[in-house]
Structure formats: structure tokens, C-alpha cells
Amino acid sequence: MKVWDYLLEFEEEKEEIFAAITEVLSSGSLILGEKVSSFEAAYASYCDLKFGVGVDNGTNAIFLALKALGVGDNDEVITVSNTAVPTVSAIVSCGAKPVFVDVDEETLLMDVSQIEGVITAKTKCILPVHLYGQCVDMNEVNRIAKKHQINVLEDCAQSHGALYNGHKAGSCSDIAATSFYPTKNLGTFGDAGLIMTNNELLYDKLMRLRFYGMDKTYYSKEHGYNCRLDELHAAILLKKLSHLDSYIQKRRYLAERYQTLLKDTSLKLPVEASYGKHAFHLYVVRHPQRELILEELKRYDILLNVSYRWPVHLMEGYKNLNYKTGDLPVTERAVDEVFSLPMYPSFSEEKQDYVVNSIKEVLLKNKL
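One structure accompanies this document, and this report is about it. (Residues numbered from 1 in each chain as written. Predicted model: local features only at pLDDT ≥ 70, side-chain atom pairs only at ≥ 80, totals over all residues. Heavy atoms only, no water.)

Description of unusual backbone geometry
For residues other than glycine, phi is negative in most cases, and the peptide bonds are mostly trans. To keep it simple, the criterion reads: By definition, any uninterrupted DSSP run of H or I lasting at least four residues is a helix, any uninterrupted run of E lasting at least two residues is a strand, and each is numbered from the N terminus. Exposed residues in this analysis have more than 50% of their type's maximum accessible area, buried residues have under 20%, and partly exposed residues fall in between, with area computed by a 1.4 Å probe over protein chains only.
Residue Y308 is reached from S307 by a cis peptide bond, and omega for that bond is 10°. Tracing the chain through its elements places Y308 in the loop between α9 (290–297) and α10 (329–334). In the Ramachandran plot, Q149 falls in the positive-phi region, its phi being about 55° despite a non-glycine side chain. Among the secondary structure elements, Q149 is positioned in the loop between α5 (138–148) and β5 (151–155). Taking relative accessible area as the criterion, Q149 reaches 75% and is therefore assigned exposed. Despite not being glycine, N165 has its phi angle at roughly 50°, a positive value.

Next comes the structure, spelled out in C-alpha cells:
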């Protein structure tokens with residue numbers, strides 16, 4: 001049993017998925033056509049925003065958003081190390097330097113109390129990551145950003161449908177980026193991403209940046225890139241968007257069951273922030289004996305995932321940032337303890353019960 005599986009969900013939805021694909025292939029329009037523009041508008045509207053710009057993946061969504069904000073060489077972007085590499089990769093690809101703050105012990109989201117302590121004259125942007133399915137405390141992030149006149153870019157790749165004080169993830173800042181990688185709450189069958197904003201000037205710039213710096217003709221007004229969302233993925237996402245709220249409802253139901261069934265174990269369970277609604281992209285638990293538990297669960301044919309096993313600030317690929325062990329103690333402690341339990345809409349109660357009972361057996365057997 002894997003931590004994620006899309007096949008049952010695909011079986012339930014394949015008729016409408018195949019219909020969407022056939023419609024695109026029969027349309028004569030494969031690149032930046034009606035499906036892309038329709039999905040851009042639909043997802044932006046879902047997030048209560050005016051503009052959406054579809055791109056080829058979530059990494060480029062962050063990259064282009066940073067470029068649109070003017071982030072470049074020698075600038076600094078404040079973010080977290082407890083995130084997927086793409087968050088940091090996009091910053092570095094802009095020529096900027098990631099500056100890390102630690103995470104909150106309970107939620108493992110950005111510790112907003114540390115932001116002001118790392119702001120310098122080079123700080124151009126704060127990039128909070130809405131990790132695992134819930135939002136960072138955006139009121140505090142925005143208060144600090146306004147005080148220091150710097151931009152905010154939300155990384156919403158794991159938070160489709162999450163709420164912050166009643167507002168959708170992505171609608172609480174200058175600009176937001178998201179991913180529709182297959183594992184996401186709203187995922188396609190490949191790579192795709194989107195940038196969202198209410199700022200028309202940023203929108204116009206992003207539309208050029210994703211297409212070689214061009215508007216509608218083959219004339220570049222500025223240096224740009226090839227980061228277009230495909231019609232096929234846009235058509236699939238349009239169909240799946242109508243199911244997103246039901247996906248989240250099922251995820252929250254499964255999370256509630258986990259909370260009830262595992263509450264008397266030694267696992268540290270997820271905490272939902274008081275200001276928000278968790279969309280449970282992942283159900284992440286913690287235990288100091290994680291490796292033993294994961295190894296023992298393999299005997300039950302349960303293969304679980306770790307998000308994330310290595311903090312970005314200590315990876316070899318980013319050793320030039322000059323961080324060392326001990327710089328982000330909460331992050332470094334968490335990466336040795338976290339692991340994800342199966343969480344996807346088509347995951348059955350029967351399978352969930354099997355996972356829960358297997359975990360309890362492992363904990364009991366090993367006196368954990």
C-alpha cells in the first residue's frame with residue numbers, strides 16, 4: 001500500500017477526463033487556447049482573485065512570479081527550509097538569495113515571529129509556504145511586509161482550497177503561485193502550475209514572461225521564457241476543478257478519522273491552526289522513532305513517505321548559502337520525525353483502518 005494512488009479516482013472520472021482530452025484534440029488548438037484561458041479564469045475565481053496565468057509547472061510559477069516582482073541578482077527572499085526544493089530552486093534561479101527562518105513547533109509552518117530579524121536592505125520579498133494543506137499566519141506576514149515595503153508571494157502548491165480567516169489560500173497577498181502536480185489536491189496527469197494576482201500590471205507582465213516576452217505576436221517586448229500551460233492539462237484541470245471541494249471534504253473526513261483513531265498513541269498528530277481551515281494535502285505525523293516505524297510497516301506492505309527528510313538549507317546543492325547544522329533547530333528536529341500517512345480522496349475507510357491498526361501493532365510491539 002502506497003501513501004498516494006490516483007488509479008481508483010481515475011477510474012471514477014475517466015469518462016469525463018477522456019471527453020476533455022478528445023475535445024482538445026478535436027479542436028485544432030493545442031497551445032494557449034480556450035481551455036487555458038477558461039481554466040485560468042475559473043481557478044482565479046475559485047480563489048476569489050481576478051487574474052490567473054497558467055504555466056508549465058509550479059516551480060516556474062514561483063520563478064515567474066518573482067521575476068514579475070522584480071526579484072533578481074543580489075536580492076534576498078525570506079522563506080523556510082522545511083519545504084520542497086522547488087521553492088528555493090526558483091529563488092536561486094532568479095539570481096536571488098534565499099534567507100531562511102525556522103518553523104513553528106506545532107504547525108511546522110513559517111515562524112512569522114522570526115521574519116523581521118532577518119530583513120535587510122536587500123530583502124525584496126517574503127515567500128511563505130502554505131505547507132501540508134494549511135496557511136501561514138498571513139495577517140502578520142502582511143503587517144511586516146507593509147511596514148518594510150516589501151512584496152509577499154504565497155507558495156500555495158500544497159494548499160488548494162485551504163482557508164485563512166475565511167479567505168482562500170493565494171488571496172492574501174500581492175501574488176501567489178501554485179502547482180497542479182498529480183499528487184496535489186487539484187492535480188493533473190503531469191506537470192502544470194498557475195500564478196494568481198489582483199494586480200493587472202503584474203498580470204500583463206506575467207502573460208509576457210511565460211511566452212518569450214511577447215504579447216500576441218512574435219515580437220518580444222522584454223526577455224521572457226517558454227513556460228506555457230498546455231491545453232490538454234488545462235482541459236483536465238477544468239473538469240477536476242468541479243470536484244475540488246468534494247476532494248477536500250473527503251480529505252478532512254479522513255483526517256478526522258485519523259485524529260480519532262490515533263489520539264491515544266505516541267504519534268504527534270497534526271494541529272489545525274485556529275485561524276484557518278486545513279485542506280490536508282498531506283496528513284503528517286511525528287515520532288522520534290520514525291525510521292523504526294517505517295521499516296516495521298513494510299512488513300505490512302505499507303510504504304509511507306517523508307515530507308521532507310532533508311532540510312533544504314543543509315543540502316549539498318545549497319551549501320553555498322553557508323547555513324550549518326543548528327541554524328534552524330525546529331526544522332532540523334522535525335525532519336528526523338515527520339512522515340505522511342495515506343491521504344487521498346479515494347482512500348477507503350477499510351484501508352485506513354488497516355493502516356491505523358498496523359501502526360498500533362508496530363507501536364505496541366516496540367513499546368513506543
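Structural notes on the sheet that holds strand β4 (residues 123–126)
Convention followed: Strand pairing follows a simple DSSP-based rule, namely that at least 2 bridges must link the two strands. Each axis is a line fitted through C-alpha atoms, taken for helices only over the stretch in contact, and angles between the N-to-C directions span 0 to 180 degrees. A contact between two residues is defined here by any heavy atoms of the two lying within 4.5 Å.
Strand order in the open sheet formed by seven strands is β1-β9-β8-β5-β4-β2-β3, and the pairing between neighbours is mixed. Since the sheet does not close on itself, it has two edges, and those belong to β1 (51–55) and β3 (97–101), each with one partner. Across this sheet, the average inter-strand angle for adjacent strands is 25°, counted without regard to direction. On the sheet, α5 packs against β4 and β5 and is oriented at approximately 155° with respect to β5.

Description of the pairing of β4
The criterion, for reference: Crossover handedness is defined here as right-handed if the route from the first strand over the helix to the second strand goes clockwise, with the strands pointing away from the viewer.
With three bridges connecting them, strand β2 (residues 76–80) and β4 associate as parallel partners. Across the sheet, the residue bridging to E76 is T123, located in β4. Here β4 pairs with β5 via two bridges, running parallel. Bridging from a neighbouring strand, C125 pairs with N151 of β5. Read as a crossover between parallel neighbours, the route from β4 over α5 to β5 is right-handed.

What to know about the environment of R286
Put simply, the rule reads: We call two N or O atoms a polar contact when they sit within 3.5 Å, provided that within protein one can donate a hydrogen and the other can accept it, with sequence-adjacent residues counted only if both atoms are side-chain atoms.
Checked against the element boundaries, R286 lands in strand β11 (residues 283–286). Since its relative accessible area comes to 6%, R286 is described here as buried. Placed 16 residues apart in sequence, R286 and P270 show a C-alpha to C-alpha distance of 8.4 Å. Residues contacting R286, with those up to four places away along its chain left out, are E105, L108, S266, L267, K268, R333, A334, E337 and V338. Reaching out from R286, the side chain makes a polar contact with the side chain of E337 at a distance of 2.9 Å.

As for the sheet that holds strand β7 (residues 167–168)
As summarised here, the arrangement of the three strands in space is β7-β6-β10, forming an open sheet in which the pairing is antiparallel. In the strand order of this sheet, the two ends are held by β7 and β10 (276–277), each with one partner. Taken together, the two bridges between strand β6 (residues 163–164) and β7 define a ladder with antiparallel strand orientation. Bridging from a neighbouring strand, Y164 pairs with H167 of β7.

Brief notes about the side chain of N82
Its place among the elements puts N82 in the loop between β2 and α4 (85–93). Excluding residues within four positions of it along the chain, N82 makes contact with V103, L108, L131, Y132, Y308 and T331.

Considering the nonpolar core
General note: in soluble globular proteins, nonpolar side chains tend to be found buried as a group. The line we're drawing: What is meant by a nonpolar core is a set of buried Ala, Val, Leu, Ile, Met, Phe, Trp, Tyr and Cys residues, joined one to another through side-chain atoms within 4.5 Å.
By size, the foremost hydrophobic cluster in this structure holds 110 residues, and its most contacted members are F39, Y43 and L153. Non-local contacts of Y43, meaning those with residues more than four positions away in its chain, are made with H160, T178, F180, L186, L194, M196, L241 and L244.

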